[in-house]
Amino acid sequence: MNKRKVTLLVPAYNEEEALPLFHAEVCKVMGSLSDRYDFELLFINDGSKDRTLEVLEQLRAKDSRVNYIDMSRNYGKEIGMLAGFDHATGDCVITLDADLQEPPEVIPDMLAKWEEGYDDVYGNRRERRQSVLKKASSRLYHKMLAGMSRDVDLTSNAGDFRLLDRRCVDAISALRESQRYTKGLYEIIGFSKAPVPYDIKERVAGKSKWKVRALLRLAVDGITSHSVMPLKLASYMGLTVSLIAFIYLIVVLVKALVWGDPVSGYPTIVCLILLLGGFILLALGIIGEYLGRIFMETKQRPPYFVNSINGDKRATRL
Ligand code: UDP
Ligand code: MG
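Residues numbered from 1 in each chain as written. Chains lettered and ligands numbered in written order. Predicted model: local features only at pLDDT ≥ 70, side-chain atom pairs only at ≥ 80, totals over all residues. Heavy atoms only, no water.

**Thoughts on the site of ligand 1**
Heads up, the rule is: In these notes, residues near a molecule or strand are those with any non-hydrogen atom within 4 Å of it. The term polar contact refers here to a pair of N or O atoms within 3.5 Å; inside protein, the definition further demands a hydrogen-donor-capable atom paired with an acceptor-capable atom, and it admits residues adjacent in sequence only when both atoms are side-chain atoms. Computed by Shrake-Rupley with a 1.4 Å probe, the accessible areas treat only the displayed protein chains as cover when residues are assessed. Each residue is assigned to one class: nonpolar for Ala, Val, Leu, Ile, Met, Phe, Trp, Tyr, Cys and Pro, charged for Asp, Glu, Lys and Arg, and polar for all the others, Gly among them.
Taken together, 16 residues form the shell around ligand 1, and within it Glu15, Asp99, Gln101, Ser208 and Lys209 come nearest. Here an oxygen atom of ligand 1 and a side-chain polar atom of glutamate 15 are 2.6 Å apart. Between ligand 1 and serine 208, the relevant distance is 2.6 Å, taken from an oxygen atom to a side-chain nitrogen or oxygen of the residue. Protein contact buries 89% of the 530 Å² of open area that ligand 1 shows by itself. Residue composition of the shell around ligand 1, by class: five nonpolar, four polar and seven charged.

Structure below.
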């Protein structure tokens, strides 16, 4: 029987402590499945500033299933995953984080669903051990995004821990936008989806790489790349304000014509200028967000550059 090949895709940024632990854990799972599947581990070193690259070299020296792509700088996890999808050679790709927050023990369940014929098997967090604030804001954000866009109607409990069939991987790679919100892209490509529940764990080592600013940028990317609702809102707002302004105009005119109005209404004028100025700037800002993204995408820059593959600086493929 022909064994099918599974690529485990792992983006890693400053994960020198977590990687050896990750490798040991994953080896256990791969060992139990090795009679049915061939495995490939594909690490993306996303411009780490610590010894991550050395650790990957060492891992490859003792385990030939380990492959690593060294990115030319830090691009962020979304672009890192794109590089992984571009270079993965497996019949399916399983994406998971290097910090073991997503337990590799779930992999057999995912593979079982894949064998049933599902193309996109996504891990579904049972419970999130996060601060109340982070949880509430994340839930609110996903509700809002789902309301604004037909692309993204996933529950907020699905993350980047998922198994993608080769067909899905090719589809995701074909979407070359450089401001990526991968969670939304999984929805865009379609194919048959199935959930697999899992419990999210604490990070084994190191610190979370997300800074508030990066999270905010991702949140804005999520909205602007999957919805034009903010633009519509701006025009609705403009329409409403114009309507009110027109009514008020008539009131002022009639008042002036019928009763004669000596100069007054200074507070009204100040309020109007401030309010309208605010609305106009807000609408401009929304347009600017989209314009900026159009500008960046029209450059058609390759989304990333690779420094080396498995230590070879001239390699472009695995
Ligand atoms: N990561 C990356 N590039 C970055 C930031 C993070 O490749 O610029 C990787 C990181 O090494 C980890 C995964 O993305 O494997 C998720 O990051 P993290 O665990 O810090 O996020 P959290 O789980 O806290 O949301
Ligand atoms: Mg994590």
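**A closer look at the side chain of serine 227**
Here is the rule we go by: Each helix corresponds to a stretch of at least 4 residues labelled H or I by DSSP, and each strand to a stretch of at least 2 residues labelled E; elements are numbered beginning at the N terminus.
Structurally, serine 227 can be placed in the loop between helix H8 (212-226) and helix H9 (229-259). Within the structure, the side chain of serine 227 is placed 2.9 Å from the backbone nitrogen of methionine 229, a separation counted as a polar contact.

**Here's the deal with the pairing of strand E4 (residues 92-95)**
Side chains on a regular strand alternate between the two faces of the sheet. The test is simple: For every residue, the accessible area (1.4 Å probe, protein chains only) is compared with the maximum for its type, and the residue is labelled buried under 20%, exposed over 50%, or partly exposed between those bounds. At least two DSSP bridges between two strands are required for those strands to pair.
Residues of E4 alternate between two faces, with Cys92 and Ile94 on one and Val93 and Thr95 on the opposite face, all of them buried. Summarising the sheet, strand E1 (residues 4-12) and E4 pair through four bridges and their orientation is parallel. Within the sheet, the bridge partner assigned to threonine 7 lies in E4 and is valine 93. Bridging between E4 and strand E6 (residues 158-165) involves four bridges; their strand directions are antiparallel. Residue pairing across strands places valine 93 opposite leucine 164, the latter belonging to E6.

**With respect to the pairing of strand E7 (residues 193-198)**
Of the two faces of E7, only one is covered, namely that formed by Ala194, Val196 and Tyr198; the face formed by Lys193, Pro195 and Pro197 stays uncovered. As judged from the six bridges shared by strand E5 (residues 120-125) and E7, these two strands associate in the parallel manner. Counterpart to tyrosine 122 in the pairing with E7 is proline 195.

**Re the coordination of the magnesium ion (ligand 2)**
Filter applied, for reference: Distances up to 2.8 Å from the metal define which N, O and S atoms are donors, and 3.2 Å serves for Na, K and Ca; water is absent from the atom set, so sites may look incomplete.
Looking at the magnesium ion (ligand 2), the protein donor atoms are Asp99 (OD) and Gln101 (OE1), and they sit 1.9 Å from it. Of the residues examined, aspartate 99 reaches a relative accessible area of 3% and is grouped as buried.

**Quick notes on a positive patch on the surface**
We count it as follows: Exposure above 30% relative accessible area and no salt bridge define the residues that can form patches, which grow by joining like charges within 9 Å and nonpolar side chains of Val, Leu, Ile, Met, Phe, Trp and Tyr within 5 Å. Salt bridges are defined by distance alone: a side-chain nitrogen of Lys or Arg within 4 Å of a carboxyl oxygen of Asp or Glu. For this count, His and the chain ends are skipped, Lys and Arg are scored as positive, and Asp and Glu as negative. By convention, charge coordinates are those of NZ in Lys, CZ in Arg, CG in Asp, or CD in Glu.
Taken together, the side chains of Lys49, Lys211, Arg213 and Arg217 define a basic patch exposed on the protein surface. Residue position: lysine 211 is located in the loop between E7 and H8.

**Focus: the environment of cysteine 27**
Applied cut-off: Contacts are assigned to residue pairs with any non-hydrogen atoms lying within 4.5 Å of each other.
Examined against the element boundaries, cysteine 27 turns out to sit in helix H1 (residues 18-33). Between the C-alpha atoms of cysteine 27 and methionine 110, which are 83 residues apart in sequence, the distance is 17 Å. Apart from the residues lying within four places of it in its own chain, the contact partners of cysteine 27 are Asp63 and Arg65.

**Considering the packing of aromatic side chains**
Selection rule: Note on ring pairs: Phe, Tyr and Trp rings are taken, using the six-membered ring of Trp, and paired if centres are within 6.5 Å. Classes follow the plane angle, with under 30 degrees stacked, over 60 edge-to-face and the rest tilted. Put simply, a charge is over a ring when the Lys NZ or the Arg CZ is close to the ring centre, within 6 Å, and near the line of the ring normal, within 35 degrees.
Applying the stated criterion across every chain yields a total of three aromatic pairs. Ring geometry for phenylalanine 161 against tyrosine 198: centres 5.1 Å apart, planes inclined by 90°, an arrangement best described as edge-to-face. Residue phenylalanine 161 is located in strand E6, and its partner tyrosine 198 is located in strand E7; the two are separated by 37 residues in the primary sequence. Here tyrosine 198 falls in the buried class, since its relative accessible area comes to 1%. When the ring centre of tryptophan 114 is taken as origin, the NZ or CZ atom of arginine 4, which lies over that ring, is 3.8 Å away.

All we've got here are geometric facts, nothing functional implied.
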